[in-house]
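# Chain and residue survey
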Amino acid sequence: MVEVNLWSGLRRFTDGHVVVAVEAETVGQALDGLIAAHPGLAPVIEAGVSVAIDGEIVNGRHVPIPTGAEVFLMQRLKGG
């Protein structure tokens, strides 16, 4: 079980929850689990988000999530 911390603007899709628990071993599974549990998140996630594990932005759906890791879903970071 992974607890994913969401930014406050997503509360309206998660019945007011800012932390959502999903069964996942990878970033992709966590994103898919969020969509399955809260379908309203689908457009946001599909448009692109950033994921941080233990304070480090990770790239790729295949990235494993260690047991007990702190996971944050964030608005996509754009370079410029």
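Let me begin by describing the structure that accompanies this report. (Residues numbered from 1 in each chain as written. Predicted model: local features only at pLDDT ≥ 70, side-chain atom pairs only at ≥ 80, totals over all residues. Heavy atoms only, no water.)

Right, let's get into the overall build of the protein. When its secondary structure is counted, the protein shows two helices and five strands. Helices (α) and strands (β) of the protein occur, in sequence order from the N terminus, as β-β-α-α-β-β-β. Here the protein has a C-alpha radius of gyration of 12 Å; the compact-globule value for 80 residues is 12 Å, and the two agree. Out of the 80 residues in the protein, the part that is buried amounts to 40%. Long-range pairs, those at least 24 residues apart, make up 48% of the contacts in the protein between residues at least 6 apart in sequence. Accessible surface, the protein as shown: approximately 4900 Å² in total, 50% of it carbon and sulfur. (Helix = DSSP H or I, 4+ residues; strand = E, 2+ residues; numbered from the N terminus. Rg over C-alpha atoms; globule rule 2.2 N^0.38 Å. Buried < 20%, exposed > 50% of the residue type's maximum accessible area, 1.4 Å probe, protein only. Contact = heavy atoms within 4.5 Å. Areas by Shrake-Rupley, 256 points an atom, 1.4 Å probe, with all protein chains shown as cover.)

A separate point is the nonpolar core. Within the largest apolar cluster, 22 residues are counted, with the highest numbers of intra-cluster contacts made by Val4, Leu34, Ile53 and Leu73. Going through the elements one at a time, strand 1 (2-5), strand 2 (19-22), helix 1 (27-37), strand 3 (49-53) and strand 5 (71-75) are the ones with two or more residues in this core. In terms of residues, this core owes the most to one element, helix 1, which gives four residues. Once you skip the residues sitting within four places of it in the chain, Leu34 turns out to touch Val4, Leu6, Val20, Val22, Leu41, Ile45 and Leu73. (Core = buried A, V, L, I, M, F, W, Y, C linked by side-chain atoms within 4.5 Å.)

Below, the discussion takes up the pattern of salt bridges. Tallied over the full model, the rule gives one salt bridge. In this structure, Asp32 engages Arg61 in a salt bridge whose closest nitrogen and oxygen atoms are separated by 2.8 Å. Note that Asp32 is positioned in helix 1 and Arg61 in the loop between strand 4 (56-58) and strand 5, a separation of 29 residues in sequence. Accessibility expressed as a relative area gives 42% for Asp32, which makes it partly exposed. (Salt bridge = Lys/Arg side-chain N within 4 Å of Asp/Glu carboxyl O.)

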